[in-house]
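Each chain, written out:
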Amino acid sequence: MSWRPYFTTARLALREAATYRLNHFLSFVVAVVPLIALLLLWNTLLGPQQRLAGFTRGEMLTYFILTRWLYEFTGPVVWWDIAYEIREGDLIFHLLRPEWYSGYHFALIIGSKLPYALVGLAVAAPFALSVGVGWVWPPGVAAWAAFALSVVLAVALAYQFTFLSSLTAFWLEDNKAMNLLMDFVVPLAAGALLPLDVFPSAVATALRALPFAQLLYFPALVYLGRVDPGGWWAGVAQQVGWLVALLVINGWVWRRGLRRFRAVGG
Amino acid sequence: MGYYLRLWWHWARLSLGRESLFRGNAWLRLIGHALWLGTAWAFFAALYLHVPAIAGWRPAEVWLLIAVNELAQLLYSMFVGQGVLWIPDLIWQGELDSILLKPAAPLFTLSVGRMRLYNAPSLALPLALGGYALHTLGLQPSWGQWFWFGLLLALGVAARYALTLTVVSLAFWVTRVYAMPALLAELFRLAGYPEGIFRGAMRALFTWGVPVLVVANFPTTALLGRAGWQPGAEAALAVGFWCVVALALWRAGLRRYTAVGG
Amino acid sequence: MSAITVRHLHKTYRAPLREPGLRASLRHLVAPRYRTVVALRDVSFTIAPGEAVGYLGPNGAGKTTTLKILAGVLYPDAGQVEVLGFVPWQGRSAFKKRMAFVMGRKGQLWWDLPALDLFHLFREMYQVPAATFRRRLDDLAARFRVTDLLTVPVRNLSLGERMKLELIAALLHGPQVLFLDEPTLGLDVMAQHEIRDLLRAYVREEGLTLLMASHYMRDVEAICERVILLDEGRIRFDGPLTELKTRFAPHREVTVTFAAPPPSAPAAGWLVGREGPRFRWRVPRQEVPRLLQELTTRYEVDDLSVQEPALEDVLRQIFTTDAPASAPPAPGG
């Protein structure tokens, strides 16, 4: 199998996204706004030496800024294009081509989000480092590597959730119910609202056992050096396990969906 | 005046008629609002496991705040929010013409033309949470406080309306900046944080620049019995200022539209 | 007194010049460059009350711009306009209540609701007394044969039915002046025909002043006695429809099928086609009687027809060749 067409797809998506530069810049500003409130909130809640749920103020703020950025890639969404193509029957064009449908949209997503993320990084980094956040760095090269690996796996895992939720378009008339799930339930379970440690311990334990914690909470903890090397491998193993499980589930759902698509005639 | 009241009534009926076709959505919206309120509650409830107060606000006071915030958001979206957001699309598609041809004031038609009255059931959520918070705090606001609360709440909704109108009026000059209204919506989400975390320049910015504190914090302090004349005066001034800006920009935009064409 | 007076109307647009590339868009932010597009140059005409006028011209000729200025949604750069004694762009509601503007490409009905719901809103908006409204609605619905469709959601209607309801929506407040912009755009031939007939009858009976821009010459032929021809923002012709044809199409096409192939064909005008015994000539109008006489007296003829060129062809010729009106058309063209 050749990877070239998927790189090309990603590059096209990137170019298209880049034509809406002003919008991207503004959407970045949009993403920064909640951080202002969080910055103010944690400055009020925690003095420089205080801890909350084991987090210092610097760790807490680093956690929020980092996860806000990471979640652009590791946060699952209902991908509008897939849902649209399924409902409107445009899926047929893809079925006619020698194409790996899931891979095609993965390339599209990465390509369209990349400029956004790069602009985000370019503006967020000086912001984060300058306003007295007390920015925290990973404790060493090994932690950086473990973080990078966990992010790559989280991106792959997130896409499997994205694909699964978009495939519901074979059966559901619109995305609204799935969107509610993706907008409220998943971020909470992934640790985008708060580090899971802040929740009551029973809730936190339950949430850590779900796959969503592997999307965001786990990579962020690795970054902050709050996971020891033994925990790295356990976490990465969980990520790989969930990834394999979702690939199997998605394969099955995709085949069921196609059968339905072909029966209805698109 | 009677003319516009009657028109408003007709628009309300039309909106209801249209929304009744999508009853399923009403349920989803109710669930969505419940999730939204639930998330805000979960956020603060988790924090209160670790701290007794946030910037001097006790838990029940914050519940009241997020209830009032949700109430303001709902009232805004039910009556004018959707209509205002519709303006950029009409401008970019050159569809403003059919509204300019009508004898009613265009801004009125645009503002009330897309009411979302089916959000009304969702009002039960913040009312319940707010009632629970008042009960927990052992507060029974006087009629005067309720009146003051109502006035400040109306000012809060007006603040959001004026600011949104300002931003959407930019659509007369700048094409396809979809992120602008989103930016504003995100800013107004800050309304759910207690006033105490905004200090100094930040407080001034979020009272005058983007009157976020006006939306929920000021009305809430009225119910808590903390509001003197100051929040009312600040709110009135901020809203007045933004209304002037919004209307000036709207008129200039309309002049430009009629000079250049859609 | 005239219903519509337009004097020395002038309108230009500034269209931004956008070049591709990041540098060009940055430059555009700082120092935008524009190109000037002249939409109307020195346009003047008057329309009497009750007159129905067709407004013709190719795309971009300035037809819609004129209509928008007359309806008050656009300012001109220069010139005077009066419609029913009002200056349109002052936006008086008394003016808006006495005119209507229907755009074929833009509907105002709501997709999901029956038209009747919106009609009631318009009654309120235009402050039409309830009894008058009832009477007009019954009359219009009966005329347009849509009485059963008033309570059907608009999305379930055909394009033609929707257009009829759009017209009713515009006529309910009893306008004295009606502006139509491509009212039959996108409709099938049957629906075009029906809407034309309905409009003609209504406009004549109610004595409406009508200015109608259209691409479909048949719309104009069916409804209007007078046409104004616009090209690149200038008026090229203003007068009765019949005169337009005389002036711009001074020829007839004569087609003859001879019973037996003639040894020599009669000389007349330009011979533009010949297939066996079938001959086609383009003949100046005044020569037609002489040719017919010659053909019927000196030859044995199986079939004979004289055709006036369709307005469509006349216009295509005017706008494409840009030739002076008096020049003879190219043979075979």
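The model shown is predicted, which means the values in this text are computed figures rather than measured ones.

J.: Would you take a moment to explain the overall build of chain A for this structure?
T.: Helix and strand counts for chain A stand at eleven helices and two strands. Ordering the α and β elements of chain A from the N terminus gives α-α-β-β-α-α-α-α-α-α-α-α-α. Taken against the 2.2 N^0.38 rule, which gives 18 Å for 266 residues, the C-alpha radius of gyration of chain A at 20 Å falls within 12% of a compact globule. Reported as C-alpha extents along the three principal axes, the dimensions of chain A are approximately 65 × 40 × 35 Å.

J.: Looking at this structure, I do not really get the interface of chain C and chain B. What am I missing?
T.: Buried accessible area, meaning the area lost when the parts come together, often serves as the stated size of an interface. Facing 29 residues of chain C, the contacting portion of chain B comprises 29 residues. Summed over both sides, the interface between chain C and chain B buries roughly 2,700 Å², with carbon and sulfur atoms accounting for 64% of that surface. Of all residues in chain C, the largest losses of buried area upon contact with chain B belong to Val73(C), Trp110(C) and Met125(C), amounting jointly to 25% of the total for that side. Taken together, the connections running from chain C to chain B amount to two salt bridges. Its salt-bridge partner being Asp97(B), residue Lys68(C) comes within 3.0 Å of it at the nearest N-O pair. The interface formed by chain C and chain B contains eight residue pairs in polar contact (both at pLDDT 80 or more). Only strand S1 (4-16), helix H2 (63-71), helix H3 (93-96), strand S5 (99-103) and helix H4 (115-125) of chain C provide two or more residues apiece to the side of chain C that touches chain B.

J.: I tried to follow the interface of chain A and chain B on my own but got confused; where do I start?
T.: Listed as interface residues are 32 residues of chain A and, on the opposing side, 33 residues of chain B. Here chain A meets chain B over a buried area of about 2,700 Å², counting both sides, of which 83% is carbon and sulfur. One can count zero salt bridges joining chain A with chain B. Taken together, the connections running from chain A to chain B amount to two residue pairs in polar contact (both at pLDDT 80 or more). Of all elements in the fold, only helix H2 (21-45) and helix H8 (176-190) of chain A reach the threshold of two or more residues within the side of chain A that touches chain B. For the side of chain A that touches chain B, the element with the highest residue contribution is H2(A), accounting for 17 residues. Here the side of chain A that touches chain B is composed, by residue class, of 25 nonpolar, four polar and three charged.

J.: What am I meant to see in the environment of Trp144(A) here?
T.: All names here are of chain A. Considering the arrangement of structural elements, one finds Trp-144 in helix H7 (residues 141-167). Counting along the chain gives 80 residues from Trp-144 to Leu-224, while the straight-line C-alpha distance between them is 9.8 Å. If we skip the residues at most four places from it in the chain, Trp-144 touches Trp-137, Pro-138 and Tyr-223.

J.: Hey, could you run me through helix H9 (residues 241-248) of chain C in this one?
T.: In an α-helix, one full turn covers 3.6 residues, which means residues spaced three or four apart are oriented alike. Taken together, the buried positions of H9(C) are Leu241(C), Leu244(C), Lys245(C) and Phe248(C). Angularly, the buried residues of H9(C) cover 95 degrees about the axis, an arc narrow enough to put them on a single face.

J.: Sorry if this is basic, but what is going on with the pattern of salt bridges here?
T.: Pairing between side chains of opposite charge can happen when their charged atoms approach one another. Residue and element names in this part refer to chain C. One pass over the full model with this rule turns up 31 salt bridges over all chains. Between Asp-231 and Arg-236 there is a salt bridge whose closest N-O contact spans 3.0 Å. Look at Asp-231 and you get buried, because its relative accessible area is 12%. The class for Arg-236 is partly exposed, based on a relative accessible area of 29%.

J.: Looking at this model, I keep getting lost on the sheet that holds strand S3 (residues 52-56) of chain C. Mind explaining?
T.: The strands making up a sheet associate through hydrogen bonds between their backbones, and the pairing can be parallel or antiparallel. All names here are of chain C. Sheet architecture is open: six strands sit in the order S5-S6-S7-S3-S8-S9, paired in mixed fashion. A strand with exactly one partner marks an edge of an open sheet, and here the two such strands are S5 and strand S9 (234-240). Adjacent strand axes in the sheet meet at a mean angle of 15 degrees when their direction is disregarded. The pairing of strand S8 (residues 226-231) with S9 spans six bridges and is antiparallel. From the neighbouring strand, Val-227 faces S9, where its bridge partner is Gly-239. Contacts from H9 reach S8 and S9, with the element oriented near 115 degrees to S9.

Scoring rules and cut-offs
Starting from 1, residues in each chain are numbered consecutively following that chain's sequence as written. By the order in which they are written, chains take letters starting at A while ligands take numbers starting at 1. The model is predicted, so local features are restricted to residues of pLDDT at least 70 and side-chain atom pairs to those at 80 or more, both for listing and for counting; the totals for chains, interfaces and linings are taken over all residues. Hydrogens and water molecules were not included; the side-chain quantities draw on all heavy atoms of the structure. Secondary structure is summarised from DSSP: a helix means a run of H or I of at least four residues, a strand means a run of E of at least two, and numbering begins at the N terminus for each. Using C-alpha atoms as the atom set, the radius of gyration is obtained and then compared with a globule rule of 2.2 Å times the number of residues to the power 0.38. Any two residues whose heavy atoms approach within 4.5 Å are treated as being in contact. Note on terms: buried area is the combined drop in 1.4 Å-probe accessible area of two parts once they are placed together, counting the loss on both. A side-chain nitrogen of Lys or Arg and a carboxyl oxygen of Asp or Glu constitute a salt bridge if their distance falls within 4 Å. Contacts described as polar in this section are N or O atom pairs within 3.5 Å, which, within protein, must combine one atom able to donate a hydrogen with one able to accept it, while residues neighboring in sequence count only if both atoms come from side chains. Residues are grouped as follows: Ala, Val, Leu, Ile, Met, Phe, Trp, Tyr, Cys and Pro are nonpolar; Asp, Glu, Lys and Arg are charged; all remaining types, including Gly, are polar. Note on exposure labels: buried denotes an accessible area under 20% of the residue type's maximum, exposed denotes more than 50%, and partly exposed covers the range between, all computed with a 1.4 Å probe on protein chains only. Throughout, the arc means the angular range of directions from the helix axis out to the C-beta atoms. Pairing between two strands is assigned when DSSP locates at least 2 bridges connecting them. Each axis is a line fitted through C-alpha atoms, taken for helices only over the stretch in contact, and angles between the N-to-C directions span 0 to 180 degrees.

Any link to function would need more than the numbers given here.
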